[in-house]
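# Examination of the molecular architecture
This is what each chain is made of:
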Amino acid sequence: MALTQPCFTNLTPDQQNFNIYESLKEIAGFEIPAYDQIDITYYGSTNNIATVQYLKDGNPVATLTLTYAIQPPVTNDANLTTVSIAYP
């Protein structure tokens, strides 16, 4: 999906995604080291993310763990309460 804000109109979708990810890293208040792969795990068959692991050359460099109001979440779109980061 392409963004429609005026500041993104001259960017390719890949450039838009890069800008979004860079902004999220700043907003979230933590630094994610250089990575070349992302692995996402979900809670059961829901759309709720359990972990996001960032890897470089197959080795983990950071892992985000998401916690929800009801743990583990059993329905889609659960209320996210906490995101924590761990470095190996």
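Residues numbered from 1 in each chain as written. Predicted model: local features only at pLDDT ≥ 70, side-chain atom pairs only at ≥ 80, totals over all residues. Heavy atoms only, no water.

## Re the overall build of the protein chain
- Of regular secondary structure, the protein chain possesses 1 helix and 4 strands.
- For the protein chain, the α and β elements follow one another from N to C terminus as α-β-β-β-β.
- Across the protein chain, every contact between residues at least 6 apart in sequence was considered, and the portion connecting residues at least 24 apart equals 28%.
- Total accessible area on the protein chain is roughly 6,200 Å²; 56% of this is exposed by carbon and sulfur atoms. (Helix = DSSP H or I, 4+ residues; strand = E, 2+ residues; numbered from the N terminus. Contact = heavy atoms within 4.5 Å. Areas by Shrake-Rupley, 256 points an atom, 1.4 Å probe, with all protein chains shown as cover.)

## Remarks on the nonpolar core
- By size, the foremost hydrophobic cluster in this structure holds 11 residues: Phe30, Ile32, Tyr43, Ala50, Val52, Tyr54, Val61, Ala62, Leu64, Leu66 and Tyr68.
- When residues of this core are traced back to their parent elements, those giving at least two are β2 (49-56) and β3 (59-68).
- When residues of this core are assigned to their parent elements, the largest contribution, 5 residues, is made by β3.
- Ignoring any residue separated from it by four or fewer positions in sequence, one finds valine 52 in contact with Ile38, Asp39, Ile40, Ala62, Thr63, Leu64 and Leu66. (Core = buried A, V, L, I, M, F, W, Y, C linked by side-chain atoms within 4.5 Å. Buried < 20%, exposed > 50% of the residue type's maximum accessible area, 1.4 Å probe, protein only.)

## Quick word on the sheet that holds β2
- Strand order in the open sheet formed by 4 strands is β1-β2-β3-β4, and the pairing between neighbours is antiparallel. Of all the strands in the sheet, just β1 (37-42) and β4 (80-86) have a single pairing partner and so form its edges. Taking each pair of neighbouring strands and ignoring which way they run, the sheet shows an average axis angle of 15 degrees.
- Across 6 bridges, the pairing between β2 and β3 is antiparallel. From the neighbouring strand, valine 52 faces β3, where its bridge partner is leucine 64. (Pairing = 2+ DSSP bridges. Axes fitted to C-alpha atoms, helices over the stretch in contact; angles between N-to-C directions.)

## A look at the environment of glutamine 71
- Checked against the element boundaries, glutamine 71 lands in the loop between β3 and β4.
- By relative accessible area, which is 41% here, glutamine 71 ends up partly exposed.
- Taking the C-alpha atoms as reference points, glutamine 71 and tyrosine 43, separated by 28 residues in sequence, lie 9.5 Å from one another.
- At 2.6 Å, the side chain of glutamine 71 and the side chain of tyrosine 43 are in polar contact.
- Side-chain polar atoms of glutamine 71 contact the backbone nitrogen of tyrosine 68, separated by 2.8 Å. (Polar contact = N/O pair within 3.5 Å; in protein donor to acceptor, adjacent residues only side chain to side chain.)

## A closer look at the packing of aromatic side chains
- Under the definition given, this model contains 2 aromatic pairs.
- A centroid spacing of 4.8 Å and a plane angle of 65 degrees characterise the contact between tyrosine 35 and tyrosine 54, whose relative ring orientation is edge-to-face. Linking tyrosine 35 in the loop between α1 (13-28) and β1 with tyrosine 54 in strand β2, this pair joins segments that are 19 residues apart in sequence.
- A relative accessible area of 30% places tyrosine 35 in the partly exposed class.
- With relative accessibility at 10%, the residue tyrosine 54 sits in the buried group.
- Taking the centre distance of 5.8 Å and the plane angle of 85 degrees together, the rings of tyrosine 43 and tyrosine 68 count as edge-to-face. (Phe/Tyr/Trp six-rings, centres within 6.5 Å; stacked < 30°, edge-to-face > 60°.)

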